[in-house]
Amino acid sequence: MCGNAISTEEVENKWEAHPIWPKIPPTYESHLAFRILLFISITTVVLSLAVDIIFPSTINWPVLIVFGLISMWFSLSMVVKTRNNIPKNIMWQVAIVSVLAVFWDWKTGWDSWSLEYVIPTISVAAMFVMYITVKIMKVGVKDYITYFLLDSLFGIIPIIFILFKLVNVLYPSVVCIAISIIFLSGILIFQGESIKVELSKRMHI
Amino acid sequence: MKQSRKTEWTRLDNASKIFPSNCNRRDTKVFRVSCELYETVEPEILQQALDKAIQNFPLFKSVLRRGLFWYYFETTNIEPTVEEETNPVCAPIYFKDKRNLLFRVFYYHNRINLEIFHALSDGTGALWFMQTLVHYYLVLKHKENFSAKPPRLDYHVSTSKKKDDSFKRYFVGEGIMAKKFKDDRGKQDKKPTPYHLKGTRIEDNRMKLIEGAMSTKDILELARRYNTTLTIFFTSLFIFSIYREMAEPAKKRPVVLSIPINLRKFYESVTIRNFFTTMRIGYQFGRENSSFEELIQGVSECFQKELKEDQINRNLNLFMALEKNLLTRVIPLSIKDYSLRVAQKIFDQGITAALSNTGTISMPPEFGSYIRQFGITTSARRPQVGICSYGDRLVVSFTSPFQETDIQRNFFQFLAQLGVEIEIASNL
């Protein structure tokens, strides 16, 4: 390589005789699932537009499909982004699904199904799913306690729906609020210290 | 449950703050310290040595976590394990939301390697850990030779001092913001943009590492011949090697190298956390090609200017002031991440490449017949040089994300022409 100092062959010879670094095969991350999903999404949008033009109807199907796909991609991207932290992942899904449900409810003529059923169900479901996952995966207290706290606080929000008479069907909200308050008092009583420590860490400025 | 209450946490020091926001698959912010022995490394003994060494460096048993406003270290019970090398050079260590140790120890034939995420420690801190590890390894491996009188382990200081945030101790950072901005307003826009290196990236975001090992004596002799120091000599040589590859129209732009300064040399500190700052050493070649001697002259003047204590003090106080500013503190971390990425981009615009000289590594003389050499390598966004020496072996490690190796060739060719014998090896 460097004129009189050392030739390329010498480097090669030395390399073969006494390797310093292992030969590492290239690792290409396979995004095949992602590509298939993207392809299906585009195909669906194109087909729905085509069908809509050929057979016009009163409902604007293509717009619904586009929004549906955007919702799916939005939710999916958060799943992938927070895949290393399951409780955080679940909490994000609760938030995203709730926002999307309200949005869809609003855009499809406000029947308040999002507030009556979706939000209470998803917050309670998240609580149980979170509890089971952290137990199975042996996640440490400090790593899940913040998300338990957030979810149980979130589960109390339906109180506002009842107080402001935003909902007609009461029982899902009542069940959700009751479970959330019990859950919240449980973690505050038994894990209050951990919560304090955890919050002081996470919120330091 | 009991353990969670005992968990300790530490803020990141001033210099560390930039790394977590800016690490990605292209630039992992990981650097490697390697030690080559004259014999094959035995994994079981290395594991025992690691178990002992980690006791002296409790801060290394941390994971990095995201708070609402800042990142922080949290102690963990994860035990480090020794592995055979299976990853590319300086592969990613920190993954958002993953709780893993911020360093790894692995071996390959005669080499013990340590890779560290830069937020945890700097070159000096990592070298101390490496020295301790190699020390324990050799004492365990060659019990029969050392049982009577084990060599002295030099690095013995209290744990609290090792975890010291020396930035906080020495730099107050008060009342400097307004002054700095006032000063800068007049000065800006005068400096021309430095030359930027471009190249074809290697597939898979790999680093091309070219190591040149030579005699320390030869190099010192050479530096003396040019009447300068080793760092200035290599800095000038690197600038010269870049200059020779510049296209004619680009030659009116200066070549600027970023060079870290180990602050432990200026302020008393034995911290294993980051305690360094960087300076920019630039050189603008004249219309007629400057000679190497002229270049060395220019570079040395630049060194003298940058290494003045009040200059260093000023820069660090500014960084400290930024960190302490209430507005910066209450910005949520996800936004801070973006602004720190912009800061890094601006910093990168101001430099051409980087060089780091960690200096001489000393180990007890009894180990002389076991240790061949040490080397230091970093992940890089553009060609970067790491230099360190042990005994009469000085190792220059070039890392680059690019396929092209013209600068590296110029560098070693120049040394060879001056009569230095070089042993070259490359990973790709």
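All of these numbers come straight from a predicted model, not from anything done at the bench.

**So, the sheet that holds strand S13 (residues 384–390) of chain B**
The strands making up a sheet are joined through hydrogen bonds of the backbone, oriented either antiparallel or parallel.
All names here are of chain B.
So, step 1. In space, the seven strands of this open sheet follow the order S10-S9-S11-S13-S14-S8-S15, with mixed pairing throughout. Each edge of the open sheet is held by one strand with a lone partner, namely strand S10 (276–283) and strand S15 (423–426). Between one strand axis and the next, the sheet turns by 20° as a mean value, whatever way the strands run.
So, step 2. Inspection of the sheet shows strand S8 (residues 208–215) paired to strand S14 (residues 393–400) by eight bridges, in the antiparallel sense. For Gly-212, the partnering residue across the bridge sits in S14 and is Val-396.

**Points about the packing of helix H3 (residues 43–56) of chain B against helix H4 (residues 123–141) of chain B**
Residues and elements named next belong to chain B.
So, step 1. Running from amino to carboxyl end, H3 crosses H4 at an angle of 135°, the nearest separation of the two axes being 8 Å. In terms of axis orientation, H3 runs oblique to H4. You can see that H3 and H4 cross each other, and the crossing is right-handed. For the pair H3 and H4, the contacting residues are Ile-45, Leu-46, Gln-48, Ala-49, Leu-50, Lys-52, Ala-53, Ile-54 and Asn-56 in the first and Phe-129, Thr-132, Leu-133, Tyr-136, Tyr-137, Leu-140 and Lys-141 in the second.
So, step 2. Residue composition of the contact of H3 with H4, by class: eleven nonpolar, three polar and two charged.

**Re unusual backbone geometry**
Residues and elements named next belong to chain B.
So, step 1. Here the phi dihedral of His-109 falls at roughly 50°; this positive angle occurs in a residue that is not glycine.
So, step 2. On the secondary structure map, His-109 appears in the loop between strand S6 (103–108) and strand S7 (111–117).
So, step 3. Taking relative accessible area as the criterion, His-109 reaches 33% and is therefore assigned partly exposed.
So, step 4. Within the chain, Asn-227 stands out as a residue other than glycine whose phi angle is a positive 60°.
So, step 5. By the element assignment, Asn-227 lies in the loop between helix H9 (216–225) and helix H10 (230–243).

**Overview of the side chain of Ser269(B)**
All names here are of chain B.
So, step 1. Mapped onto the elements of the fold, Ser-269 is located in the loop between strand S9 (255–262) and S10.
So, step 2. Assessed through its relative accessible area of 9%, Ser-269 is described here as buried.
So, step 3. Each residue touching Ser-269, except ones within four places of it in the same chain, is listed here: Ser-166, Arg-169, Arg-264 and Phe-275.

**A look at the domain arrangement of chain B**
Many descriptions give the size of an interface as the accessible area lost when the pieces come together.
Residues and elements named next belong to chain B.
So, step 1. By domain assignment, chain B separates into domain 1 (9–143) and domain 2 (183–426).
So, step 2. Between the C-alpha centres of domain 1 and domain 2 the distance comes to 23 Å.
So, step 3. Regarding the contact of domain 1 and domain 2, the summed buried area is about 4,600 Å², with carbon and sulfur atoms giving 57% of it.
So, step 4. By the criterion of area lost to domain 2, the three top residues of domain 1 are Asn-14, Arg-26 and Tyr-38, representing 13% of everything that side buries.
So, step 5. At the junction of domain 1 and domain 2, the tally comes to six salt bridges.

**So, the environment of Val385(B)**
So, step 1. In this fold, Val385(B) is placed in strand S13.
So, step 2. Separated by 95 residues in sequence, Val385(B) and Ser290(B) have C-alpha atoms that sit 23 Å apart.

**Concerning the packing of helix H3 (residues 61–81) of chain A against helix H4 (residues 86–107) of chain A**
All names here are of chain A.
So, step 1. Between H3 and H4, whose axes approach to 9 Å, the crossing angle comes to 165°. Our classification of the angle between H3 and H4 gives roughly antiparallel. In this structure, H3 meets H4 at a crossing whose hand is right-handed. Taking contact as the criterion, the partners of Leu-64, Phe-67, Gly-68, Ser-71, Phe-74, Ser-75, Met-78 and Val-79 in H3 are, on H4, Asn-89, Trp-92, Gln-93, Ile-96, Leu-100, Phe-103 and Trp-104.
So, step 2. Its residues assigned to classes, the contact of H3 with H4 comprises ten nonpolar, five polar and no charged.

**A few points about the interface of chain A and chain B**
So, step 1. Contact with chain A, which involves 37 residues of that partner, is made by 50 residues of chain B.
So, step 2. Overall, the association of chain A and chain B removes approximately 4,000 Å² of surface from exposure, summing both partners, and the carbon and sulfur fraction of that is 56%.
So, step 3. For Glu74(B), the salt bridge goes to Lys142(A), with nearest N and O atoms at 3.8 Å.
So, step 4. Our count for the chain A to chain B interface comes out at ten residue pairs in polar contact (both at pLDDT 80 or more).
So, step 5. Within the residue set of the side of chain A that touches chain B, elements represented by two or more residues are helix H1 (8–17), helix H6 (141–154) and helix H8 (171–202) of chain A.
So, step 6. In terms of residue class, the side of chain A that touches chain B is built from 18 nonpolar, ten polar and nine charged.

About the cut-offs
- In this convention, every chain numbers its residues from 1, walking through the sequence in written order.
- Both sets of labels track the order of writing: A upward for chains, 1 upward for ligands.
- This being a predicted model, a pLDDT of at least 70 is required before a residue's local features are given, and a value of 80 or more before pairs of side-chain atoms are given or counted; all residues contribute to the totals for chains, interfaces and linings.
- With hydrogens and water stripped out, all remaining heavy atoms of the structure feed into the side-chain values.
- Pairing between two strands requires that DSSP report at least two bridges joining them.
- Helix and strand assignments come from DSSP, with helices taken as H or I runs of at least 4 residues and strands as E runs of at least 2, each series counted from the N terminus.
- A fitted line through C-alpha atoms represents every axis, and for helices the fit uses only the stretch in contact; the resulting angles, taken between N-to-C directions, go from 0 to 180 degrees.
- Orientation is classified from the angle alone, with under 35 degrees giving roughly parallel, over 145 giving roughly antiparallel, 65 to 115 giving roughly perpendicular, and any other angle giving oblique.
- Handedness of a helix crossing follows the sense of rotation of the near helix relative to the far helix, less than a right angle counterclockwise being left-handed and clockwise being right-handed.
- A contact between two residues is defined here by any heavy atoms of the two lying within 4.5 Å.
- Note on residue classes: Ala, Val, Leu, Ile, Met, Phe, Trp, Tyr, Cys and Pro are nonpolar, Asp, Glu, Lys and Arg are charged, and everything else, Gly too, is polar.
- Note on exposure labels: buried denotes an accessible area under 20% of the residue type's maximum, exposed denotes more than 50%, and partly exposed covers the range between, all computed with a 1.4 Å probe on protein chains only.
- Domain ranges listed in this record stem from an automatic or a database domain assignment.
- Accessible surface is computed with a 1.4 Å probe, and the buried area is the amount of it that two parts give up when combined, taken over both parts together.
- Salt bridges, as used here, are contacts in which a Lys or Arg side-chain nitrogen is within 4 Å of a carboxyl oxygen on Asp or Glu.
- Any pair of N or O atoms that falls within 3.5 Å is considered a polar contact. Within protein, one atom must be able to donate a hydrogen and the other to accept it, and sequence-neighbouring residues count only if both atoms are side-chain atoms.

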